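Commentary on secondary and tertiary structure
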Protein chains: 2
Amino acid sequence: MITYPTPLLEEAVNEFSRLPGIGRKSALRMVLHLLKQTPEEVNRFGETLMKLRKNITYCKECHNISDKEICSICADTRRDHELVCVVEDIRDVLAIENTSQYKGIYHVLGGIISPMDGMGPSQLNIESLVIKAEEGKIREAIMALSTTMEGDTTVFYIYKKLKPFPITVSTLARGVAVGNDLEYADEITLGRSIVNRVPYENNLAR
Amino acid sequence: MITYPTPLLEEAVNEFSRLPGIGRKSALRMVLHLLKQTPEEVNRFGETLMKLRKNITYCKECHNISDKEICSICADTRRDHELVCVVEDIRDVLAIENTSQYKGIYHVLGGIISPMDGMGPSQLNIESLVIKAEEGKIREAIMALSTTMEGDTTVFYIYKKLKPFPITVSTLARGVAVGNDLEYADEITLGRSIVNRVPYENNLAR
């Protein structure tokens, strides 16, 4: 156990080492970096974090992070509001938005079903999705979750919940990544990409 | 370029990604982690950082980080004040203190000579070390710097500055690490450890 020369330093290292993926050595490196900054810069850092936590809200429609009641995506009338992409968290929204290929709206679950982490369906934003479906507001739900056991479980759970309603439930196309060599693709991905092959014209349309 | 749903989020990601070794993806992960904490926890984080930067000072004697004028190591009268270990920064002090093998005091340079990074001798705490030597306060100076080109340059510079005074300048023993196989040691380390071999009794004394 390292003894720090002052509790001030130790407390700061403790705070940083609570962040995901940060050990005590990296935390100390960050704290020493901050000590080299001006007090104004460090104050701005601290205040930005406090302001963020205080002012951030979640969109009432899609549960995405927002600073308004309805986020800018849900408020956009040019988007297709009957096409809903179901994602785990905001990082997936950012990634899909970044492709500029999607013109529907999102539904952020806030996690995936994972009994190991104590994450059950009731802790996720699934109920509000089912209500939307019930009200006839959804034409197609695209399940854009990770292809892990947890992701697949979550997709299956939501699929069963949405089954009573006249909704198309789809998943992302899985296949060999664009620009990747065939020989380096794993066999499951390659197998799926042969089964789910697409007409050549689909590629031309892009 | 990713467009964030709110500037609050973007500012927080910007702040985190200024930290050493943190890219924008890791920064976003940290920010999302903080959003899951209570506002009180995030406030504590922010305030700890501001308090740290505001209240931290450097020891007048050894330039180590401290919250008092004289740090607890320099204030400790049981330590040998004529034995001075010269290190780059506080991380080295923590590492050496952690061994419980050293009973002298430290002198923190605050960096090493590195023309590439614009770090010259005048920006380091070398002058105060020379003054201490001049005043006859040092019996032995242990150079505990990295064995890089910058480290070796710094050691040589300080060595020349201390030469006029009756001081023993020593360096850390270099050799095969305890518990390491000989065959995996690099040849320079192995060579040095043969040249600087020690009497077997030295090991027994530990």
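Residues numbered from 1 in each chain as written. Chains lettered and ligands numbered in written order. Predicted model: local features only at pLDDT ≥ 70, side-chain atom pairs only at ≥ 80, totals over all residues. Heavy atoms only, no water.

The next thing to look at is the interface of chain B and chain A. It is common to report an interface's size as the accessible area lost on association of the parts. Listed by partner, the interface residues are 52 residues for chain B and 52 residues for chain A. With both sides pooled, the region where chain B packs onto chain A buries about 5,200 Å², and carbon together with sulfur makes up 74% of that total. Taken as a group, B:Leu8, B:Leu35 and B:Arg53 account for 13% of the area that chain B buries against chain A, more than any other trio of residues on that side. Between the two partners, chain B and chain A, sit four salt bridges. At the level of secondary structure, the elements contributing two or more residues to the side of chain B that touches chain A comprise α1 (7–17), α2 (24–35), α3 (39–55), β2 (65–66) and α5 (90–99) of chain B. Examining the composition of the side of chain B that touches chain A, we find that 14 residues originate from one element, α3(B), more than from any other. Residues belonging to the side of chain B that touches chain A are distributed by class as follows: 29 nonpolar, 12 polar and 11 charged. (Contact = heavy atoms within 4.5 Å. Buried area = accessible area lost by both parts, 1.4 Å probe. Salt bridge = Lys/Arg side-chain N within 4 Å of Asp/Glu carboxyl O. Helix = DSSP H or I, 4+ residues; strand = E, 2+ residues; numbered from the N terminus. Nonpolar A, V, L, I, M, F, W, Y, C, P; charged D, E, K, R; others polar.)

The next subject is the sheet that holds strand β6 (residues 168–171) of chain A. All names here are of chain A. Read from one edge of the open sheet, four strands run β4-β3-β5-β6, paired in parallel fashion. Each edge of the sheet is formed by a strand with only one pairing partner; in this case those strands are β4 (104–108) and β6. Mean inter-strand twist for the sheet, computed between neighbouring axes without regard to direction, equals 30°. By the bridge criterion, four bridges tie strand β3 (residues 80–87) to strand β5 (residues 140–143) in an arrangement that is parallel. Counted as the bridge partner of Val86 is Met143 from β5. In this fold helix α5 (residues 90–99) packs onto β3 and β4, with an angle of close to 160° to the strand it touches most, β4. (Pairing = 2+ DSSP bridges. Axes fitted to C-alpha atoms, helices over the stretch in contact; angles between N-to-C directions.)

The operation relating chain B to chain A is a screw motion whose rotation component is 179°, with 0.0 Å of axial translation and a residual RMSD of 0.2 Å. As the rotation angle and translation indicate, the two copies are arranged about a two-fold axis. Taking C-alpha positions as the reference, the residue of chain B nearest the rotation axis is B:Gly46, at 1.9 Å. Looking at the interface residues of chain B, 100% of them are also at the interface in chain A, so both copies use one shared face. (Least-squares fit on C-alpha atoms with pLDDT ≥ 70 in both.)

Let's shift gears to the pattern of salt bridges. All names here are of chain B. Tallied over the entire structure, the rule returns 24 salt bridges over all chains. When the shortest N-O distance is used, the salt bridge between Lys132 and Glu61 registers 3.8 Å. Taken together, the residues Lys132 in helix α6 (residues 127–134) and Glu61 in the loop between β1 (57–58) and β2 connect sequence positions 71 residues apart. Taking the relative accessible area as the measure of exposure, Lys132 reaches 9% and is therefore buried. (Buried < 20%, exposed > 50% of the residue type's maximum accessible area, 1.4 Å probe, protein only.)

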